[in-house]
Amino acid sequence: MEEQLRGDYMSIKFIEDKGCFHLKTKNTSYIIGLFKGKYLVHGYWGGKINDPNTDEMVIYEDFNSFSPNPDIEDKTYSLDTLNQEYGFYGKSDYRNPAIEVEYENGSRITELYYESHSIVGKKVGLRALPSAYAVEGDRVSTLRIDLRDPVESLLVSLYYCVYEDYDIITRFVEVKNKSCGKIKLNNVSSLCMDFEENEFEFIQLVGSWVREREIVRQPVGRGTHIIESKRGASSHHKNPFVALARRNTDEFQGQVYGFNLLYSGSFRSLIEVNAYNQMRFTMGLNPFNFSWNLFPGEVFESPEVVMAYSQEGLNGMSRLLHSFYKERLIRGEYKDRERPILMNNWEATYFDFDEEKIISLAKEGADLGIELFVLDDGWFGKRNSDKASLGDWIVNREKLSSGIEGLAHRINSLGMKFGIWVEPEMVSPDSDLYRSHPDWCIHVPNRTKSEGRNQLILDLSRREICNYILEKLTNLFESANIEYVKWDMNRSMTDVYSIGLSSEDQRQMEHRYYLGLYGILEELTKRFPRILFESCCGGGGRFDPAMLFYMPQTWTSDNTDAISRLSIQYGTSLAYPQAAMGAHVSIIPNHQTGRVTDLKIRGDVAMSANFGYELDLTKLSQGEKEEIREQIRWYKANRKLIQYGEFYRLKSPFHGNETAWMITDRDKTEFILYYYRVLKTPNMPRRRLRLKYLDSGREYIDTYTKRKYYGDVLMNLGIVIPHFPGDFKSHVIHFKAKE
Ligand code: DGJ
């Protein structure tokens, strides 16, 4: 017997006689078994299976008395070895549980048994957290499975949202207290998945400030791997993204599972291999500094995880995530709109500017074809260094005599849009805001407040502080023709404590901070739909899908060096689309690395993402200005393809001296090849680069040289990379298919 959504629509089925749920997307199947009518077990996730006509969806064996039997009537199984869908503690499963609770009697034992399920033909959204959405006509459906603890009346609802055409499933969890006592949640993972074996390698994006998202790939060994942030931000150090790849998987082929958490705060992912080489994967809020008191009737929701499975290697996985984020996560007016080429005065002036300097930069930019001027840090209060004034969002008239309104007007009359930098989550101890509200920052009373970049973090777990920020920013954004906002956040959290919470609730603080932040962002993006928001956290310290839900682009890194950017942008592209990545040409020697590279490679790297300039254009030679004019002309001519095309990695900067990637349109009628070489190797013959993802029968024309190549030639034989003398070289070719 099958329960299905509609006659013609069957992305989720409950197959009662087999005791399983079958979730199907275009190319994948996800199967959840119902073992003994009550245990929810992970059956399968992978390539599409039409009909799971097997009686062996669940393999179970009784091992020994050290894997005890939860069921005294049937001693043939133990939860220690069953592949579970949401593991719990206390009834014979010794792996890290997906959920950890504490009841009023002090017991931490949990039993979660299937109670019921429902299937709806829509995407179920979250209440207060960012989540992927659906639009009219999408083939999307949601399965909710309710699990109940028979003793403690704890209801755990697992949600599976199946996006059939995107080959994406998202998961999240709701926990409801149906008892009459308090229940303490010490850990609520967004997902848990047990794999039968551990023949995998895991890939994570690790790094630090100015060295974000390096790709690190390691075998899944025995024991536990932890990928986490405890910094109060998703962080530069670990991105909330993990891939589990079969050992032979590379960019182009092989099986890979990708997981990405929609959350901007501390998170944790565990990969645990038990004594039987079974592998558990969990992802969610970091339980390290988390605990939530759930009172009778209350509900707690976890953040959502996006899951992508591909048999076409890492590029296949990235393509799924990119199109999903572009189409079903990013919102607002700029979702599909070409993003303006911007110039930002930060590396040009730092804090040292006045109105005439800004106007002289903008004039130069406008003349070269730049479309948006972004006024960075230093325009408010007494902010002449990073030591003061965060929180005092009032223009400094000594620097900008016309005020923000007047400056925006002057910039607009040059034919450019005007944008502004803010860092609203922060307060400087030397600020009027701090002097009037010294207790508004995150701190523990009677303890010294730890500063980072001379600043403290406002306690957004408190409603009145969120309201204050909303009011101040609304006034600012209404005060002038502001069409872009860069939203920065420049330190990790310390002293995590809120004077607005009872001692019992202190471990809610960080999550409440993010609920506060998301509330502010939701409101502001609603109030100012015309503003293009770019998120930033000292560069890429919060490059996560939750921020993309509110802000369609992110400043990828404070490191603008072209060679560093190769790895940063390559690593970022594993999960995130190129239109989400801010990439600027800056001055040499580079301010972060001291490296000297040509304007050409600086442009060629930045022009594969969301493009801009961040240098003093007034100090450039005529020749350099002409080169920039040409870069801008070329980028504008190809912008739609660059920002919204399909991005594929060809050669990894993590594996050698060369990097290559390409961007194609969906129909393979046009593409751009980007090739970069770091160091010149002496006395080497020219080499060929083999392309991918083209139409083999089509003829493509290099639009510059007019040379023609068939797709199969480009993919099988490859294209010859010309000789270039010197280090740090690049070669970019635009191809069009012959009509
Ligand atoms: C950190 C950002 O990443 C930079 O681009 C710049 O905006 C500074 N903050 C300003 O303080």
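Provided above is the structure to which this section pertains.
Asks: How should I be thinking about the pairing of strand 4 (residues 28–35) in this particular structure?
Replies: One face of the sheet, then the other: side chains in a regular strand alternate in exactly this way. Strand 4 sits mainly inside the fold: 8 of its 8 residues count as buried. Pairing between strand 3 (residues 20–24) and strand 4: 5 bridges, direction antiparallel. In the sheet register, Lys24 faces strand 4, and the bridge partner there is Ser29. Connecting strand 3 to the next strand, strand 4, in antiparallel fashion are 3 residues. As paired elements, strand 4 and strand 5 (residues 39–47) share 8 bridges and run antiparallel to each other. Bridge pairing in strand 5 places Ile32 opposite His42. Linking two consecutive strands that pair antiparallel, namely strand 4 and strand 5, is a turn of 3 residues; a positive phi of about 60 degrees is found at Lys36 within it.

Asks: Whenever I open this one, the site of the ligand confuses me. Can you help?
Replies: The full set close to the ligand counts 13 residues, and Asp376, Asp377, Lys486, Asp488 and Asp558 are the nearest of them. Contact between the ligand and Asp376: an oxygen atom at 2.7 Å from a side-chain N or O atom of the residue. At a separation of 2.3 Å, an oxygen atom of the ligand approaches a polar side-chain atom of Asp558. Compared with its free state, where it exposes 300 Å², the ligand has 98% of that area covered by protein.

Asks: Would you take a moment to explain the environment of Tyr163 for this structure?
Replies: Turning to its location among the elements, Tyr163 is positioned in strand 9 (residues 154–163). Separated by 262 residues in the primary sequence, Tyr163 and Glu425 place their C-alpha atoms 35 Å from one another. Apart from the residues within four sequence positions on either side, Tyr163 is in contact with Thr25, Lys123, Ala132, Tyr133, Ala134, Arg139, Val140, Ile168, Thr170, Phe324 and Arg328.

Asks: What should I look at first to understand the pairing of strand 30 (residues 581–586) in this one?
Replies: Of all 6 residues in strand 30, 6 are buried, a share of seventy percent or more. Side chains of strand 30 alternate between two faces, with Met581, Ala583 and Val585 and Gly582, His584 and Ser586 buried alike. Pairing of strand 29 (residues 553–555) with strand 30 involves 2 bridges; the strand directions are parallel. The partner of Trp555 across the bridge, within strand 30, is Gly582. Once you follow strand 29 into helix 9 (residues 562–572) and on to strand 30, the crossover reads as right-handed.

Scoring rules and cut-offs
- Residues numbered from 1 in each chain as written.
- Predicted model: local features only at pLDDT ≥ 70, side-chain atom pairs only at ≥ 80, totals over all residues.
- Heavy atoms only, no water.
- Buried < 20%, exposed > 50% of the residue type's maximum accessible area, 1.4 Å probe, protein only.
- Helix = DSSP H or I, 4+ residues; strand = E, 2+ residues; numbered from the N terminus.
- Pairing = 2+ DSSP bridges.
- Near = heavy atom within 4 Å.
- Polar contact = N/O pair within 3.5 Å; in protein donor to acceptor, adjacent residues only side chain to side chain.
- Areas by Shrake-Rupley, 256 points an atom, 1.4 Å probe, with all protein chains shown as cover.
- Contact = heavy atoms within 4.5 Å.
- Right-handed = clockwise from strand over helix to strand, strands pointing away.

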